Each structure stands twice: as C-alpha cells, then as structure tokens.
Amino acid sequence: MNVKSYAKVGAAVGTAVLGLGILAAPASADPSSSTDYRTLAAVGSDTTQYVVNGLANGTAVVDSTGAKIIASWDAVTPTGGTDPYKTKAAADCQYTRAQTNGSSNGIARLSEDITNGGSTCIDIARSSRGPKASVPGTDLTYVPFARDAVTYATDLGSTVPSDLTVAQLKSIYTNCTYTDATGVHTVAPLLPQAGSGTRQYWLDSIGVTTPGACVNGSVQEHDGTAITAANQLMPYSVAQWIAQGKGLSDVPNRRGESRLRNIAGQSPTTGSGSSIALNTSFIFSRDVYNVVQTSRLNEPAISSALSKICAAGTVIQNYGFGTISNCNARTVTGGLNS
C-alpha cells in the first residue's frame with residue numbers, strides 16, 4: 001500500500017575501460033532538496049532514471065526563466081536520499097521507493113492519480129517498455145525519447161558462454177539449463193525485480209511467459225554486483241552499462257565485474273574504450289518512454305518538457321542511449337496500468 005492516503009487513491013562486449021568524465025554532468029540523482037518539487041514529478045524506470053535525471057537537472061529542460069521543470073526521483077534510494085519521499089508539497093504525495101521502483105510501478109502510481117480525479121502527485125512515469133496490448137484504452141500516452149538495447153551480462157571469468165542463441169536463453173530462463181555441442185549445462189539465471197520493464201521486455205524477447213522456479217527473480221535491475229558466481233547471468237540495459245562506466249558524476253558504477261555478451265552472434269555495442277556506443281541494430285533493441293496522462297499532453301509544461309527532451313540528443317547519447325527521430329510523432333497509447 002502507498003504511504004499516500006488511500007482515501008484518495010481508491011485503489012563491446014566490454015573489457016575496455018571507458019573514458020572518464022566525458023561530458024560529465026553535475027550530480028543529479030534525486031532533486032537536491034527534499035522540497036524541490038518543481039512543476040512536474042517523474043518516477044519509475046531504473047533503466048532511464050539517470051538520463052532523465054540528467055535532462056531534468058541540467059539545462060536541457062528548463063522554462064523561459066531558466067528554472068528546472070522536472071523533478072525526477074530515483075527508483076532506489078540514492079546516497080543522501082530519503083525513503084519515503086514526497087513528489088509534491090501535498091501531504092498525500094508521499095511514496096516509498098518500493099512503490100515507484102520500475103516501469104510498471106511508476107505507471108501504476110500515475111494511473112492512481114488519474115483514477116482519483118487527475119491529481120498531480122506524479123506527472124511522468126519513466127518506462128523502458130511500451131504499453132501492454134492486454135490493457136486497452138487511451139488514458140496514457142507513451143512518448144518515446146531514446147533507443148536502448150538489452151543483452152545478458154556475466155562476470156569476468158564466467159563459465160557461461162559469451163555468445164548464446166535465443167533458444168538457449170529461453171531454455172535457461174525456463175529450466176536453468178542450455179544445450180550445446182558438448183552437452184547439457186546447468187546455470188543460475190538472475191532476473192530483475194517485479195515491476196521492471198526490462199524484466200518484462202527480456203522475457204518477451206526470449207519467448208518466456210513464466211520464468212522457471214529455479215530463476216532468481218528479485219535482483220535490482222542493471223546492478224552487475226548481483227552477479228556473484230561464475231555460472232550466473234542477468235539481463236542488462238546496454239545504455240545503462242555504458243553510462244555506468246563513464247565516470248559520470250551522477251551515475252554510480254554498479255557494473256562490478258560484469259561484461260555484456262553477444263546474442264546470436266551480434267554484439268550489443270560498437271567501438272571500444274571512450275568510443276564505445278550502443279548498437280542500435282542489436283537483436284533486442286527497444287524504444288524507452290516517458291508516460292503521461294493523455295488528456296494533459298497539451299498542457300504547456302508537459303508539452304514543452306517532452307519536446308525539449310526529444311531535442312536533447314547530446315545529453316541522451318552521453319548517458320549511453322541512441323537518439324530517435326520524430327519522438328512526439330511516434331507516441332502510442334494504452335489504458336490505465338497498461
């Protein structure tokens with residue numbers, strides 16, 4: 001249950017060391033003050049939190065006076081952050097991180113606001129996935145703003161192959177084994193926490209409806225330090241992995257000894273060292289989104305913020321993502337909690 005009042009709610013491949021400090025931004029996790037509410041509040045996806053934080057706390061998304069428009073809150077409590085935290089001054093705009101951690105949880109909190117009369121505790125839900133086809137409706141609009149890819153990661157010195165087929169990955173996340181020319185091998189797959197857009201995207205991509213009981217499905221996404229054994233693997237946002245190795249002041253390096261691996265002979269990255277970049281043609285590549293209430297799309301603050309995000313290609317690329325064209329022309333809609 002939300003801390004906020006429910007009387008209201010009602011319900012590549014990388015061994016190279018990346019260059020440090022490239023286009024480094026000022027520290028930009030949560031807003032610098034617990035009362036720095038700003039016009040719009042954004043919560044949700046771990047995958048896109050750093051890039052949206054960078055956009056929100058830099059100079060790319062400001063109003064005509066230079067004031068910041070978006071307060072973007074981390075999925076997990078950052079160093080110096082608070083939990084619970086408040087997105088707006090109203091007493092019932094208070095959340096725990098568990099309630100807003102991940103794409104689906106952020107979308108659920110936005111949906112609650114809409115259900116309860118369009119209150120504005122949350123204005124934007126960060127999402128690493130598009131709407132669910134199983135939840136029809138047009139209450140929410142998903143606005144794509146960048147390109148990402150997802151592959152699997154293992155530790156340096158892993159016993160898991162550095163190139164697996166989709167069929168092998170499906171087998172791994174179904175029964176924790178894969179078969180190759182030398183026989184059947186047992187591994188220990190990890191999966192992001194419930195509510196993660198990357199978790200859902202990964203399972204959909206490899207054709208798994210329900211992961212096997214042998215899968216550890218409760219690790220925080222994009223945290224390579226969760227890989228502690230030679231036979232473990234986990235899905236990882238390529239953009240996140242790149243950004244975490246850049247030495248950016250606002251992006252903690254959570255990679256540990258993790259390395260991104262190939263799928264079906266394709267590398268998830270191009271270049272090396274300080275020139276490493278996302279392979280936007282990788283087999284598992286996806287748009288990432290900012291989700292807003294459809295009826296509010298034309299509100300000046302929201303319309304301006306979304307347009308400025310789409311135009312901030314340099315910042316987006318600095319955080320490891322690829323740019324996309326015609327952001328605002330590629331929107332898709334979904335129902336509440338879609």
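Residues numbered from 1 in each chain as written. Predicted model: local features only at pLDDT ≥ 70, side-chain atom pairs only at ≥ 80, totals over all residues. Heavy atoms only, no water.

Asks: Pulling in residues and values, what's your account of the overall build of the protein chain?
Replies: Scanning the protein chain for helices and strands turns up 9 helices and 18 strands. Against the globule reference of 20 Å for 338 residues, the protein chain gives a C-alpha radius of gyration of 19 Å, in line with a compact fold. With respect to the principal axes defined by its C-alpha atoms, the protein chain has extents near 60 × 40 × 40 Å. Put simply, the protein chain has 338 residues, and 56% of those count as buried. Element-wise, carbon and sulfur atoms account for 52% of the exposed surface of the protein chain, whose accessible area totals about 12600 Å². (Helix = DSSP H or I, 4+ residues; strand = E, 2+ residues; numbered from the N terminus. Rg over C-alpha atoms; globule rule 2.2 N^0.38 Å. Buried < 20%, exposed > 50% of the residue type's maximum accessible area, 1.4 Å probe, protein only. Areas by Shrake-Rupley, 256 points an atom, 1.4 Å probe, with all protein chains shown as cover.)

Asks: A description of the pattern of salt bridges should follow, citing residues and the corresponding values.
Replies: If you walk through the whole model with that rule in mind, you get 10 salt bridges. What you see here is one network of salt bridges that share partners, running through Lys-88, Asp-123, Arg-296 and Glu-299. (Salt bridge = Lys/Arg side-chain N within 4 Å of Asp/Glu carboxyl O.)

Asks: How would you explain the layout of surface pockets if you had to name every residue and give the values?
Replies: What the largest pocket holds in volume is close to 540 Å³. Taken together, 29 residues form the lining of the largest pocket, with Ala-29, Asp-30, Asp-74, Pro-78 and Thr-79 sitting closest to its centre. Looking at the lining of the largest pocket residue by residue, the classes come out as 8 nonpolar, 13 polar and 8 charged. (1 Å grid on protein atoms, 1.4 Å probe; cavity = no way out; pocket = protein on both sides within 12 Å on 5 of 7 lines; lining within 4 Å. Points joined across faces, edges and corners; volume = space filled by probe spheres on them. Nonpolar A, V, L, I, M, F, W, Y, C, P; charged D, E, K, R; others polar.)

Asks: Tell me about helix H2 (residues 49-57), and name the residues and values.
Replies: With 9 of 9 residues buried, H2 lies mostly within the body of the structure. Where H2 is concerned, the buried positions are Gln-49, Tyr-50, Val-51, Val-52, Asn-53, Gly-54, Leu-55, Ala-56 and Asn-57.

Asks: An account of the nonpolar core is needed here, citing residue identities and associated values.
Replies: Of all hydrophobic cores here, the largest spans 34 residues; its most connected members are Tyr-152, Leu-164, Leu-169, Tyr-173, Trp-202 and Leu-233. Breaking this core down by element, the ones donating at least two residues are strand E6 (140-155), helix H5 (166-175), strand E10 (188-192), helix H6 (197-206), strand E12 (232-237) and helix H7 (238-244). With sequence-adjacent residues up to four places away left out, Trp-202 is seen in contact with Val-150, Thr-151, Tyr-152, Leu-169, Tyr-173, Leu-191, Pro-235, Ile-263 and Phe-284. Formed by 28 residues, the second largest nonpolar core is a distinct cluster that contains Leu-40, Phe-145, Ala-239 and Leu-248. (Core = buried A, V, L, I, M, F, W, Y, C linked by side-chain atoms within 4.5 Å. Contact = heavy atoms within 4.5 Å.)

Asks: Quick one: what's the story with the state of the cysteines, residue by residue and with numbers?
Replies: Throughout the structure, instances matching the rule amount to 2 disulfides. Bridging Cys-93 to Cys-121, the disulfide has an S-S length of 2.0 Å. Residues Cys-93 and Cys-121 are joined by a disulfide whose S-S torsion is about -75°; by sign, that bridge is left-handed. One end of the pair, Cys-93, is in the loop between strand E3 (85-86) and strand E4 (94-95); the other, Cys-121, is in the loop between helix H4 (103-115) and strand E5 (124-127), with 28 residues separating them in the sequence. For the pair Cys-93 and Cys-121, a shared accessibility class is recorded, and that class is buried. One disulfide bridge connects Cys-176 with Cys-214, the sulfur atoms lying 2.0 Å from each other. Since a negative S-S torsion denotes a left-handed disulfide, the Cys-176-Cys-214 link at about 105° is right-handed. (Disulfide = S-S within 2.5 Å.)

Asks: Before we move on, could you go through H4 and cite the residues and values that matter?
Replies: A rise of 1.5 Å per residue sets the reference length of H4, with its 13 residues, at 18 Å; its end C-alpha atoms lie 18 Å apart and thus fit the reference within 8%. Burial within H4 is extensive, with 12 of its 13 residues counted as buried. Those residues of H4 that fall on the buried side of the exposure criterion are Ser-103, Ser-104, Asn-105, Gly-106, Ile-107, Ala-108, Arg-109, Leu-110, Ser-111, Glu-112, Asp-113 and Ile-114. Once H4 finishes, Gly-117 follows within two positions and takes phi at roughly 90°, a positive value. (Expected span 1.5 Å × (residues − 1).)

Asks: Give a detailed account of the packing of aromatic side chains, specifying residues and quantitative values.
Replies: Counted by the stated rule, this structure contains 5 aromatic pairs. On the basis of an interplanar angle of 80° and a centroid distance of 6.0 Å, the ring pair of Tyr-173 and Trp-202 is categorised as edge-to-face. Taken together, the residues span a long stretch of sequence, with Tyr-173 in helix H5 and Trp-202 in helix H6 at a distance of 29 residues. Looking at Tyr-173, the relative accessible area reads 0%, which means it is buried. Look at Trp-202 and you get buried, because its relative accessible area is 0%. Three or more aromatic residues joined by ring pairs form one cluster here, namely Trp-73, Tyr-85 and Tyr-95. Sitting over the face of the ring of Tyr-85, Arg-97 holds its NZ or CZ atom 4.3 Å from the ring centroid. (Phe/Tyr/Trp six-rings, centres within 6.5 Å; stacked < 30°, edge-to-face > 60°. Lys NZ or Arg CZ within 6 Å of the ring centre and 35° of its normal.)

Asks: Could you give an account of the confidence of the model for the protein chain, with specific residues and numbers?
Replies: Scored by pLDDT, the protein chain comes out at a mean of 90, with 91% of its residues at no less than 70. The low-confidence segment residues 1-28, where pLDDT is below 50, has 83 contacts with residues more than four positions distant or belonging to other chains. (pLDDT = per-residue confidence, 0-100.)

Asks: Got a sec to walk through unusual backbone geometry? Specific residues and values, please.
Replies: Residue Pro-84 is bonded to the preceding Asp-83 through a cis peptide linkage, with omega at 5°. Of note, Arg-38 is a non-glycine position whose phi angle comes to about 65°, a positive value. When you line up the elements, Arg-38 lands in the loop between helix H1 (6-9) and strand E1 (40-44).

Asks: I'd love a proper account of the side chain of Arg-38, names of residues and values included.
Replies: On the basis of relative accessibility, which here comes to 17%, the residue Arg-38 falls in the buried class. Looking at Arg-38, its side chain comes within polar contact range of the main-chain oxygen of Ala-56, at 3.5 Å. Separated by 2.7 Å, the side chain of Arg-38 and the backbone oxygen of Ile-70 make a polar contact. (Polar contact = N/O pair within 3.5 Å; in protein donor to acceptor, adjacent residues only side chain to side chain.)

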